[in-house]
Amino acid sequence: MSEPATLEIISDDISEEIIFPPGDILSDEPPLESDLHRDQIDLLIRLLKLWWREKQDFYASGNLTIYYSPNQKKSEKFRGPDFFVVLGTEKKDRKSWVVWQEDGKYPNLIVEILSSSTAAVDKGLKKQVYQDTFRTPDYFWFDPVTMELQGFHLVDGKYQEIPTTTDGRLWSQQLELYLGVYEGKLRFFTAENQLIPSSEELAQQESLRAEQAEERAQEAEQEIARLRELLRTQGIDPENI
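Nothing here was measured: the structure is a model prediction, and the numbers come from that model. (Residues numbered from 1 in each chain as written. Predicted model: local features only at pLDDT ≥ 70, side-chain atom pairs only at ≥ 80, totals over all residues. Heavy atoms only, no water.)

Asker: Can you walk me through the overall build of the chain in this structure?
Answerer: Within the chain, the regular secondary structure consists of four helices and 14 strands. Scored against the burial criterion, the 241 residues of the chain give a buried share of 36%. The long-range share in the chain, meaning contacts at least 24 apart out of those at least 6 apart in sequence, stands at 52%. Here the chain displays about 14,500 Å² of accessible surface, and carbon together with sulfur accounts for 49% of that area. (Helix = DSSP H or I, 4+ residues; strand = E, 2+ residues; numbered from the N terminus. Buried < 20%, exposed > 50% of the residue type's maximum accessible area, 1.4 Å probe, protein only. Contact = heavy atoms within 4.5 Å. Areas by Shrake-Rupley, 256 points an atom, 1.4 Å probe, with all protein chains shown as cover.)

Asker: Please clarify how the sheet that holds strand β14 (residues 185-189) should be interpreted in this entry.
Answerer: In sheet architecture, strand pairing relies on hydrogen bonds along the backbone and comes in two forms, parallel and antiparallel. Judged by pairing direction, the sheet is antiparallel, and its three strands sit side by side in the order β12-β13-β14 without closing on themselves. Only two strands of the sheet have a single neighbouring strand rather than two, namely β12 (170-172) and β14. The average undirected angle you get between the axes of adjacent strands in this sheet is 35 degrees. Direction of pairing for β12 relative to strand β13 (residues 177-182): antiparallel, over a ladder of three bridges. Each residue of the ladder has a partner; that of S172, found in β13, is L177. The sheet contacts of helix α1 (residues 35-51) involve β13 and β14, and relative to β14 the element is tilted by about 10 degrees. (Pairing = 2+ DSSP bridges. Axes fitted to C-alpha atoms, helices over the stretch in contact; angles between N-to-C directions.)

Asker: Explain unusual backbone geometry here, please?
Answerer: Note on backbone geometry: most residues besides glycine have negative phi, and most peptide bonds are trans. In the Ramachandran plot, Q72 falls in the positive-phi region, its phi being about 55 degrees despite a non-glycine side chain. Structurally, the position occupied by Q72 is in the loop between β4 (66-67) and β5 (78-79). Positive phi outside glycine occurs at D156, with the angle close to 55 degrees. Its place among the elements puts D156 in the loop between β10 (149-155) and β11 (158-161). Owing to a relative accessible area of 80%, D156 belongs among the exposed residues under this scheme.

Asker: Looking at this structure, I do not really get the sheet that holds β5. What am I missing?
Answerer: If you walk across this open sheet you meet the three strands as β5-β4-β7, and the pairing is mixed. Of all strands in the sheet, those bounded by a partner on one side alone are β5 and β7 (97-98). Here two bridges tie β4 to β7, and the two strands are oriented parallel to one another. Directly across from I66, in β7, lies its bridge partner W97.

Asker: Is there a simple way to think about the pairing of strand β3 (residues 58-61) in this case?
Answerer: Here is the key point about a regular strand: its side chains alternate between the two faces of the sheet. Alternating residues of β3 divide into F58 and A60 and Y59 and S61, and every residue in both groups is buried. When β3 meets strand β6 (residues 83-87), the two strands line up antiparallel, connected through four bridges. Residue pairing across strands places S61 opposite F84, the latter belonging to β6.

Asker: Please clarify how the environment of M147 should be interpreted in this entry.
Answerer: Mapped onto the elements of the fold, M147 is located in the loop between β9 (138-142) and β10. Residue M147 is classed as partly exposed on the basis of its relative accessible area, which comes to 30%. On a C-alpha basis, the gap between M147 and L186 in space is 8.5 Å, while along the polypeptide they are 39 residues apart. With residues up to four places along the chain from it excluded, the contact list for M147 reads F142, V181 and G184.

Asker: Teacher, can you tell me more about the environment of F188 here?
Answerer: Counting through the fold element by element, F188 comes out in strand β14. Since its relative accessible area comes to 1%, F188 is described here as buried. Spatially, the C-alpha atoms of F188 and W171 are 9.7 Å apart, while their sequence positions differ by 17 residues.

Asker: What is the right way to read the pairing of β14 from this model?
Answerer: Across the five residues of β14, four count as buried, placing the element largely inside the fold. Strand direction decides the pairing type here: β13 and β14, joined by five bridges, are antiparallel. Looking across to β14, one finds that Y182 is bridged to K185. Count of turn residues in the β13/β14 antiparallel hairpin: two residues, of which E183 carries a positive phi of about 50 degrees.

Asker: Please explain the packing of aromatic side chains as it appears in this structure.
Answerer: This model, assessed by the stated rule, comprises 16 aromatic pairs. Through a chain of ring-to-ring contacts, the aromatic side chains of Y68, Y106, Y130, F134, Y139, W141, F152 and Y159 assemble into a single cluster. A cation over an aromatic ring shows up here: K55 above the ring of W52, its NZ or CZ 5.0 Å from the ring centre. (Phe/Tyr/Trp six-rings, centres within 6.5 Å; stacked < 30°, edge-to-face > 60°. Lys NZ or Arg CZ within 6 Å of the ring centre and 35° of its normal.)

As structure tokens, then:
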């Protein structure tokens, strides 16, 4: 956890140490390894919140500390998954996830974003903790560099590998969505294999629909003008029709 910060001020003949109290920072996660990792985590959070914008009974976050000490101490037993979702809970902002303050709930789904420095832990120790202690039903890991994607579902207390579809996607029973790679990013897909769009993609789709509607309107006006001219060449006044 955070220790009190110190600042040494040195003047001509005075050396003074000022002690600052620790800030109100309850999550204690280290900085993300790269822009790839930060952007991927942020994307998953934004996508799910947008897709479930009408739901009020879930919590989705990332790079946030989960405290789960049986002694209810924040100084022991904590993990910080890259992305996780808790179902059946109040939808509100939190500074951390404290299991003993959340009716004993653990994540229903966890995704770890692999890196060269974390892959061994994510595939070993963390997987064991998520299986044996968290009892998290769905666990996935994704490497944003190699595109490696693997998932597991808890069956009789043990993780069983989730089979990959012909499209290379993995089904999450908890989210009732597929996870798959699209344009180098881990994304969500519906049960019908439709990509769940981001807000930016929705805006682009709406802009495209507006452009297409305008083009169709212009084509219709041009066709009407052509037909009127055709009638005039035949000696018919289109205004009298």
